[in-house]
Amino acid sequence: MQGADSSVPQPQLYSPQTEVWGVYVGGDTPHVWTHAEVEELGRHGVRAVLPIVVPTQDPAIRWWTLGGGDTGGYEYVEQLVRDAIAWGVPPGSPLVLDIEQATADAIGLGAHSVSLGWVHACTVHDVIPWIYAGESYFSASAAPVGEHRWLAMWPAPTPT
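Read on for an overview of the structure. (Residues numbered from 1 in each chain as written. Predicted model: local features only at pLDDT ≥ 70, side-chain atom pairs only at ≥ 80, totals over all residues. Heavy atoms only, no water.)

## Here's the deal with the pattern of salt bridges
No. 1: Enumeration according to the criterion identifies four salt bridges in this entry.
No. 2: When the shortest N-O distance is used, the salt bridge between arginine 43 and glutamate 40 registers 2.9 Å. With arginine 43 and glutamate 40 both in helix 1 (residues 35-43), this residue pair falls three residues apart, about one helical turn.
No. 3: Note that arginine 82 is salt-bridged to glutamate 78, the shortest N-O span being 3.1 Å. Note that arginine 82 and glutamate 78 are positioned in helix 2 (residues 74-87) at a spacing of four residues, about one turn of the helix.
No. 4: Using a relative accessible area of 42% as the deciding quantity, one classes arginine 82 as partly exposed. (Salt bridge = Lys/Arg side-chain N within 4 Å of Asp/Glu carboxyl O. Helix = DSSP H or I, 4+ residues; strand = E, 2+ residues; numbered from the N terminus. Buried < 20%, exposed > 50% of the residue type's maximum accessible area, 1.4 Å probe, protein only.)

Written out as structure tokens, the structure is:
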């Protein structure tokens, strides 16, 4: 199955060969996709969307420590789930937590707690937990039951 994602709509890239498109529905993203923009994907033959939420990328806000170091920032990630549901993500759908590399580096060994918090928040709200992150995050986080992983791999040098 071929897929792609973009923080903003890119109609020139849509095609029936791209079966799934990741769309940003909440959190610290430059653009939250509108329902009309998602519908446009379908008109170009994209068959499914994968909703994504992004925790803050501000290094001064260590969201994964909120509520105590062993909670993985549960209250924070649960709010991201609530935001996605308010956007319109229906029960039973996948929902991706986007952990960018700088955030993963800062989280370090707290990755397992974050993953546990994410799985719990998604389970409570009846969505399927996915995490998008690089190898270093997943190496520090033993996968909790129910977590699906989307491995970020960037060529060296990372494209601009």
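Continuing now.
## Looking at the sheet that holds strand 3 (residues 48-54)
Across a sheet, paired strands are connected by hydrogen bonds in the backbone, their directions being either parallel or antiparallel.
No. 1: With parallel pairing, the six strands of this open sheet are ordered in space as 1-2-3-4-5-6. Looking at the sheet topology across the chains shown, the edges are occupied by strand 1 (3-5) and strand 6 (148-151). Direction aside, the axes of adjacent strands within the sheet are offset by 30° on average.
No. 2: When strand 5 (residues 128-133) meets strand 6, the two strands line up parallel, connected through four bridges. From the neighbouring strand, alanine 133 faces strand 6, where its bridge partner is leucine 151. (Pairing = 2+ DSSP bridges. Axes fitted to C-alpha atoms, helices over the stretch in contact; angles between N-to-C directions.)

## Concerning unusual backbone geometry
No. 1: Residues other than glycine seldom take positive phi values, yet aspartate 126 does so here, at roughly 60°.
No. 2: Looking at the element boundaries, aspartate 126 is found in the loop between helix 4 (111-124) and strand 5.
No. 3: The exposure class of aspartate 126 is partly exposed, given its relative accessible area of 45%.

## Observations concerning the packing of aromatic side chains
The description of two aromatic rings rests on the distance between their centres and on the angle between their planes.
No. 1: Using the criterion set out here, one finds five aromatic pairs in the structure.
No. 2: Ring geometry for tryptophan 63 versus tryptophan 64: centroids 5.5 Å apart, planes at 85°, classification edge-to-face. Here tryptophan 63 matches tryptophan 64 in class, with each residue buried.
No. 3: Between tyrosine 137 and phenylalanine 138 the ring centres are 5.6 Å apart and the planes differ by 80°, which places this aromatic pair in the edge-to-face class. (Phe/Tyr/Trp six-rings, centres within 6.5 Å; stacked < 30°, edge-to-face > 60°.)

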